[in-house]
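# Overview (structure and organization)
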Amino acid sequence: MGTCSSKSSEKPDSIKSQNKEIDFQYIDGRRFHNVENAVYPMPNDDDETDRLHFRHFLTRYIWQSNFSAPIKHILDSQETKILDVGCGAASWSLDMATTYPMVDIIGIDISQQPPTHIKPDNFTFIKANALKGLPFKDNTFDYVFQRNLLGAFTEQNWSQVINELVRVLKPGGFIELMEHSMLYNMGPATKRLCDAEIEAMKLRGTDPFTSQKLDKYLQNQGKLEAIKKEIRECHHGAKSNQAELNLSRTVMYCQS
(Lines give C-alpha, C1' and ligand atoms only; values in the text may rest on other atoms or scores of the structure.)
Protein backbone atom coordinates (compact mmCIF):
# COMPACT_ATOMS: atom_id res chain seq x y z
CA MET A 1 0.00 0.00 0.00
CA GLY A 2 1.46 3.35 -0.96
CA THR A 3 0.42 6.92 -0.18
CA CYS A 4 1.56 10.33 -1.31
CA SER A 5 0.43 13.92 -0.91
CA SER A 6 0.44 16.43 -3.33
CA LYS A 7 -16.03 22.74 -2.73
CA SER A 8 -18.54 22.31 -4.15
CA SER A 9 -21.21 20.77 -1.83
CA GLU A 10 -23.35 19.64 -4.77
CA LYS A 11 -23.12 15.91 -5.55
CA PRO A 12 -22.58 14.78 -9.16
CA ASP A 13 -25.72 13.63 -10.90
CA SER A 14 -25.61 9.84 -11.23
CA ILE A 15 -29.24 9.34 -12.27
CA LYS A 16 -28.34 8.80 -15.91
CA SER A 17 -25.64 6.36 -14.87
CA GLN A 18 -28.07 4.38 -12.76
CA ASN A 19 -30.94 4.34 -15.25
CA LYS A 20 -28.98 3.69 -18.40
CA GLU A 21 -29.05 0.09 -19.53
CA ILE A 22 -25.66 -1.53 -19.06
CA ASP A 23 -24.47 -4.14 -21.54
CA PHE A 24 -22.71 -7.26 -20.31
CA GLN A 25 -21.46 -10.43 -21.90
CA TYR A 26 -22.08 -13.92 -20.54
CA ILE A 27 -19.47 -16.66 -20.61
CA ASP A 28 -20.09 -20.12 -19.13
CA GLY A 29 -22.98 -18.78 -17.09
CA ARG A 30 -20.99 -15.86 -15.60
CA ARG A 31 -21.65 -12.18 -16.32
CA PHE A 32 -18.67 -10.06 -17.44
CA HIS A 33 -17.97 -6.44 -18.32
CA ASN A 34 -18.55 -5.70 -21.98
CA VAL A 35 -16.35 -2.65 -22.41
CA GLU A 36 -14.32 -2.33 -25.58
CA ASN A 37 -10.58 -2.86 -25.09
CA ALA A 38 -10.98 -3.56 -21.36
CA VAL A 39 -8.42 -6.13 -20.17
CA TYR A 40 -9.91 -6.70 -16.69
CA PRO A 41 -10.68 -10.45 -16.63
CA MET A 42 -12.96 -10.94 -13.63
CA PRO A 43 -16.77 -11.39 -13.78
CA ASN A 44 -19.38 -8.83 -12.77
CA ASP A 45 -22.15 -10.78 -11.01
CA ASP A 46 -23.42 -11.68 -7.55
CA ASP A 47 -20.75 -14.31 -6.91
CA GLU A 48 -18.03 -11.84 -7.80
CA THR A 49 -19.62 -9.23 -5.55
CA ASP A 50 -19.43 -11.71 -2.67
CA ARG A 51 -15.75 -12.36 -3.45
CA LEU A 52 -14.95 -8.65 -3.51
CA HIS A 53 -16.73 -8.05 -0.20
CA PHE A 54 -14.82 -10.97 1.34
CA ARG A 55 -11.53 -9.64 -0.02
CA HIS A 56 -12.26 -6.18 1.34
CA PHE A 57 -12.80 -7.37 4.90
CA LEU A 58 -9.78 -9.66 4.73
CA THR A 59 -7.65 -6.72 3.57
CA ARG A 60 -9.02 -4.52 6.32
CA TYR A 61 -8.18 -7.22 8.86
CA ILE A 62 -4.61 -7.57 7.58
CA TRP A 63 -4.01 -3.82 7.62
CA GLN A 64 -6.21 -3.13 10.67
CA SER A 65 -7.50 -0.10 8.78
CA ASN A 66 -9.21 1.00 5.58
CA PHE A 67 -6.41 3.41 4.71
CA SER A 68 -2.79 4.26 5.40
CA ALA A 69 -2.73 7.88 4.24
CA PRO A 70 -2.71 10.48 7.06
CA ILE A 71 -6.29 11.62 6.42
CA LYS A 72 -7.96 11.25 9.82
CA HIS A 73 -8.02 15.02 10.26
CA ILE A 74 -10.27 15.48 7.20
CA LEU A 75 -12.76 12.67 7.85
CA ASP A 76 -15.09 14.73 10.05
CA SER A 77 -15.59 17.56 7.56
CA GLN A 78 -18.52 18.03 5.17
CA GLU A 79 -16.09 19.71 2.78
CA THR A 80 -14.06 16.52 2.28
CA LYS A 81 -14.46 14.77 -1.06
CA ILE A 82 -13.08 11.26 -1.63
CA LEU A 83 -12.78 9.35 -4.91
CA ASP A 84 -12.64 5.54 -5.13
CA VAL A 85 -11.31 4.59 -8.58
CA GLY A 86 -12.36 1.18 -9.91
CA CYS A 87 -14.65 0.70 -6.94
CA GLY A 88 -16.14 -2.60 -8.19
CA ALA A 89 -18.73 -3.70 -5.64
CA ALA A 90 -17.89 -0.53 -3.64
CA SER A 91 -17.00 -2.54 -0.53
CA TRP A 92 -14.41 0.04 0.55
CA SER A 93 -16.56 3.05 -0.35
CA LEU A 94 -19.61 1.76 1.48
CA ASP A 95 -17.53 0.88 4.54
CA MET A 96 -15.90 4.34 4.57
CA ALA A 97 -19.18 6.15 3.91
CA THR A 98 -20.83 4.37 6.83
CA THR A 99 -17.90 4.95 9.17
CA TYR A 100 -17.43 8.61 8.19
CA PRO A 101 -20.90 9.98 7.38
CA MET A 102 -19.71 13.58 7.07
CA VAL A 103 -17.54 13.07 3.99
CA ASP A 104 -18.69 12.86 0.36
CA ILE A 105 -17.50 9.65 -1.35
CA ILE A 106 -17.75 8.98 -5.08
CA GLY A 107 -17.00 5.57 -6.57
CA ILE A 108 -16.37 5.04 -10.26
CA ASP A 109 -16.18 1.84 -12.29
CA ILE A 110 -16.62 0.76 -15.91
CA SER A 111 -20.03 -0.77 -15.12
CA GLN A 112 -22.67 -0.75 -12.41
CA GLN A 113 -22.03 -3.17 -9.57
CA PRO A 114 -22.63 -1.27 -6.30
CA PRO A 115 -26.19 -1.04 -4.90
CA THR A 116 -28.21 1.87 -6.24
CA HIS A 117 -30.96 2.07 -3.60
CA ILE A 118 -29.76 0.67 -0.26
CA LYS A 119 -26.64 2.73 0.34
CA PRO A 120 -25.38 5.56 2.55
CA ASP A 121 -26.54 9.00 1.44
CA ASN A 122 -22.94 10.20 1.26
CA PHE A 123 -21.96 7.65 -1.39
CA THR A 124 -22.52 8.20 -5.12
CA PHE A 125 -21.68 5.85 -7.97
CA ILE A 126 -20.73 7.13 -11.43
CA LYS A 127 -20.08 4.91 -14.41
CA ALA A 128 -16.70 5.96 -15.82
CA ASN A 129 -13.54 4.51 -17.31
CA ALA A 130 -10.32 5.96 -15.89
CA LEU A 131 -8.53 5.12 -19.14
CA LYS A 132 -10.81 7.55 -20.97
CA GLY A 133 -10.33 10.33 -18.43
CA LEU A 134 -12.01 10.98 -15.10
CA PRO A 135 -15.27 12.98 -15.40
CA PHE A 136 -14.24 15.60 -12.84
CA LYS A 137 -12.68 19.03 -12.87
CA ASP A 138 -9.10 19.64 -11.79
CA ASN A 139 -8.48 19.88 -8.03
CA THR A 140 -11.76 18.22 -7.01
CA PHE A 141 -10.81 15.62 -4.38
CA ASP A 142 -9.01 15.70 -1.04
CA TYR A 143 -8.21 11.98 -1.18
CA VAL A 144 -8.05 9.56 -4.12
CA PHE A 145 -8.05 5.82 -3.40
CA GLN A 146 -7.39 3.01 -5.86
CA ARG A 147 -6.69 -0.69 -5.36
CA ASN A 148 -6.81 -4.15 -6.96
CA LEU A 149 -6.45 -2.92 -10.53
CA LEU A 150 -3.20 -4.58 -11.61
CA GLY A 151 -5.32 -6.79 -13.86
CA ALA A 152 -7.19 -3.82 -15.33
CA PHE A 153 -4.33 -1.71 -16.70
CA THR A 154 -1.48 -2.53 -19.04
CA GLU A 155 1.99 -1.44 -18.03
CA GLN A 156 1.68 1.50 -20.43
CA ASN A 157 -1.65 2.55 -18.87
CA TRP A 158 -0.31 3.21 -15.39
CA SER A 159 1.33 6.58 -16.05
CA GLN A 160 -1.82 7.73 -17.89
CA VAL A 161 -4.06 6.72 -14.98
CA ILE A 162 -1.82 8.25 -12.32
CA ASN A 163 -1.75 11.52 -14.28
CA GLU A 164 -5.55 11.57 -14.11
CA LEU A 165 -5.54 10.84 -10.37
CA VAL A 166 -3.16 13.73 -9.81
CA ARG A 167 -5.19 16.05 -12.04
CA VAL A 168 -8.36 15.67 -9.97
CA LEU A 169 -6.49 15.84 -6.64
CA LYS A 170 -6.52 19.07 -4.70
CA PRO A 171 -3.14 20.62 -3.81
CA GLY A 172 -2.08 19.10 -0.51
CA GLY A 173 -4.37 16.11 -0.99
CA PHE A 174 -3.50 12.42 -0.82
CA ILE A 175 -3.37 9.54 -3.28
CA GLU A 176 -3.32 5.96 -2.04
CA LEU A 177 -2.67 2.94 -4.28
CA MET A 178 -2.81 -0.70 -3.21
CA GLU A 179 -1.97 -3.79 -5.26
CA HIS A 180 -1.15 -7.34 -4.23
CA SER A 181 2.06 -9.08 -5.21
CA MET A 182 2.55 -12.57 -6.55
CA LEU A 183 3.01 -15.37 -4.01
CA TYR A 184 6.48 -16.50 -2.98
CA ASN A 185 7.97 -19.41 -1.01
CA MET A 186 5.39 -21.66 -2.66
CA GLY A 187 5.01 -25.40 -2.88
CA PRO A 188 5.10 -27.05 -6.31
CA ALA A 189 1.31 -27.12 -6.85
CA THR A 190 0.85 -23.48 -5.83
CA LYS A 191 3.80 -22.48 -8.00
CA ARG A 192 2.17 -24.05 -11.04
CA LEU A 193 -1.01 -22.11 -10.31
CA CYS A 194 0.89 -18.86 -9.81
CA ASP A 195 2.99 -19.36 -12.95
CA ALA A 196 -0.19 -19.91 -14.96
CA GLU A 197 -1.67 -16.68 -13.60
CA ILE A 198 1.50 -14.76 -14.49
CA GLU A 199 1.44 -16.08 -18.05
CA ALA A 200 -2.25 -15.26 -18.43
CA MET A 201 -1.64 -11.69 -17.27
CA LYS A 202 1.23 -11.25 -19.68
CA LEU A 203 -0.94 -12.48 -22.56
CA ARG A 204 -3.48 -9.75 -21.68
CA GLY A 205 -0.71 -7.15 -21.56
CA THR A 206 -0.93 -6.60 -17.80
CA ASP A 207 2.01 -6.65 -15.41
CA PRO A 208 1.87 -9.20 -12.54
CA PHE A 209 4.60 -7.28 -10.71
CA THR A 210 2.87 -3.89 -10.63
CA SER A 211 2.91 -3.71 -6.82
CA GLN A 212 6.71 -3.52 -6.85
CA LYS A 213 6.64 -0.53 -9.21
CA LEU A 214 3.92 1.71 -7.73
CA ASP A 215 6.36 3.96 -5.89
CA LYS A 216 8.38 4.48 -9.08
CA TYR A 217 5.23 5.29 -11.07
CA LEU A 218 4.32 7.91 -8.49
CA GLN A 219 7.84 9.35 -8.41
CA ASN A 220 7.96 9.51 -12.21
CA GLN A 221 4.74 11.53 -12.27
CA GLY A 222 6.77 14.47 -11.05
CA LYS A 223 4.14 16.43 -9.11
CA LEU A 224 3.92 14.31 -5.97
CA GLU A 225 5.90 14.47 -2.76
CA ALA A 226 6.21 12.58 0.53
CA ILE A 227 5.81 9.25 -1.27
CA LYS A 228 5.68 6.35 1.18
CA LYS A 229 5.58 2.61 0.53
CA GLU A 230 4.18 0.09 3.00
CA ILE A 231 4.11 -3.71 2.78
CA ARG A 232 2.12 -6.31 4.71
CA GLU A 233 2.78 -10.01 4.38
CA CYS A 234 -0.21 -12.29 3.92
CA HIS A 235 0.56 -15.90 4.89
CA HIS A 236 -1.19 -18.94 3.46
CA GLY A 237 0.67 -21.67 5.34
CA ALA A 238 -0.80 -24.02 7.92
CA LYS A 239 0.88 -22.15 10.80
CA SER A 240 -0.66 -18.82 9.86
CA ASN A 241 -3.72 -17.49 11.69
CA GLN A 242 -4.79 -16.10 8.28
CA ALA A 243 -4.43 -19.43 6.44
CA GLU A 244 -8.10 -20.43 6.30
CA LEU A 245 -9.24 -16.97 5.21
CA ASN A 246 -6.53 -16.68 2.58
CA LEU A 247 -7.27 -20.14 1.25
CA SER A 248 -10.95 -19.27 0.93
CA ARG A 249 -10.05 -16.08 -0.95
CA THR A 250 -7.77 -18.00 -3.33
CA VAL A 251 -10.44 -20.64 -4.03
CA MET A 252 -13.04 -17.95 -4.76
CA TYR A 253 -10.59 -16.20 -7.11
CA CYS A 254 -9.85 -19.42 -9.00
CA GLN A 255 -13.55 -20.22 -9.32
CA SER A 256 -14.07 -16.83 -10.97
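Everything in this summary refers to the structure shown in the same document. (Residues numbered from 1 in each chain as written. Predicted model: local features only at pLDDT ≥ 70, side-chain atom pairs only at ≥ 80, totals over all residues. Heavy atoms only, no water.)

### A word on unusual backbone geometry
Test applied: Under the scheme used here, helices are H or I runs from DSSP no shorter than 4 residues and strands are E runs no shorter than 2 residues, and both carry numbers assigned from the N terminus.
Phi at Asp28 takes a positive value of approximately 50 degrees, unusual for a residue other than glycine. Inspection of the secondary structure assignment puts Asp28 in the loop between strand E2 (24-27) and strand E3 (30-33). Notably, Asn139 is not glycine yet its phi reads approximately 60 degrees, a positive angle. By secondary structure assignment, the location of Asn139 is in the loop between strand E6 (123-127) and strand E7 (141-147).

### A closer look at the side chain of Glu179
Heads up, the condition is: Throughout, exposure labels follow a simple rule: accessible area from a 1.4 Å probe, protein chains only, divided by the maximum for the residue type, with under 20% read as buried, over 50% as exposed, and the rest as partly exposed. Residues scored as positive are Lys and Arg, those scored as negative are Asp and Glu, and His as well as the terminal groups of each chain are ignored. When a carboxyl oxygen of Asp or Glu is within 4 Å of a side-chain nitrogen of Lys or Arg, the pair counts as a salt bridge. Contacts described as polar in this section are N or O atom pairs within 3.5 Å, which, within protein, must combine one atom able to donate a hydrogen with one able to accept it, while residues neighboring in sequence count only if both atoms come from side chains.
With respect to the helices, strands and loops of the structure, Glu179 is situated in the loop between strand E8 (169-178) and helix H5 (188-204). Nearest to the buried, unbridged Glu179 among oppositely charged side chains is Arg55, at 6.1 Å. From its side chain, Glu179 meets the backbone nitrogen of Asn148 in a polar contact 3.3 Å long. A distance of 3.0 Å separates the side chain of Glu179 from the backbone nitrogen of Leu150, its partner in a polar contact.

### Considerations on the packing of helix H2 (residues 46-63) against helix H3 (residues 91-99)
Heads up, the condition is: The convention used is that axes are lines fitted to C-alpha atoms, helices contributing only their stretch in contact, and that angles between N-to-C directions extend from 0 to 180 degrees. An angle counts as roughly parallel when it lies under 35 degrees, as roughly antiparallel when it exceeds 145, as roughly perpendicular when it falls between 65 and 115, and as oblique in every other case. Note on contacts: a residue pair is in contact if any heavy atoms of the two residues lie within 4.5 Å.
Contact geometry of H2 with H3 gives a least axis separation of 9 Å together with a crossing angle of 60 degrees. Taken together, the axis directions place H2 and H3 in an arrangement best described as oblique. Residues Leu52, His53, His56, Phe57 and Arg60 of H2 form the contact with H3, whose participating residues are Ser91, Trp92 and Asp95.

### Overview of the packing of aromatic side chains
Heads up, the condition is: Under the pairing criterion, centres of Phe, Tyr and Trp rings, with the six-membered ring standing for Trp, must be within 6.5 Å; the plane angle then separates stacked pairs below 30 degrees from edge-to-face pairs above 60, leaving the rest tilted.
Applying the stated rule across the entire model yields seven aromatic pairs. Consider the rings of Trp92 and Phe145, whose centres lie 3.9 Å apart with planes at 5 degrees: the pair is stacked. Within this pair, whereas Trp92 is found in helix H3, its partner Phe145 is found in strand E7, the two being separated by 53 residues in sequence. Like Phe145, Trp92 is buried.

### Thoughts on H2
Inclusion rule: Working rule for helices: expected span equals 1.5 Å times residues minus one.
In this model H2 runs 26 Å from its N-terminal to its C-terminal C-alpha over 18 residues, within 8% of the 26 Å that 1.5 Å per residue would give. Residues of H2 that are buried include every one of Glu48, Thr49, Arg51, Leu52, Arg55, His56, Leu58, Thr59, Ile62 and Trp63, and no others. Phi for Gln64, located one or two positions after H2, is positive at around 55 degrees.

By themselves, these observations are geometric and do not establish any function.
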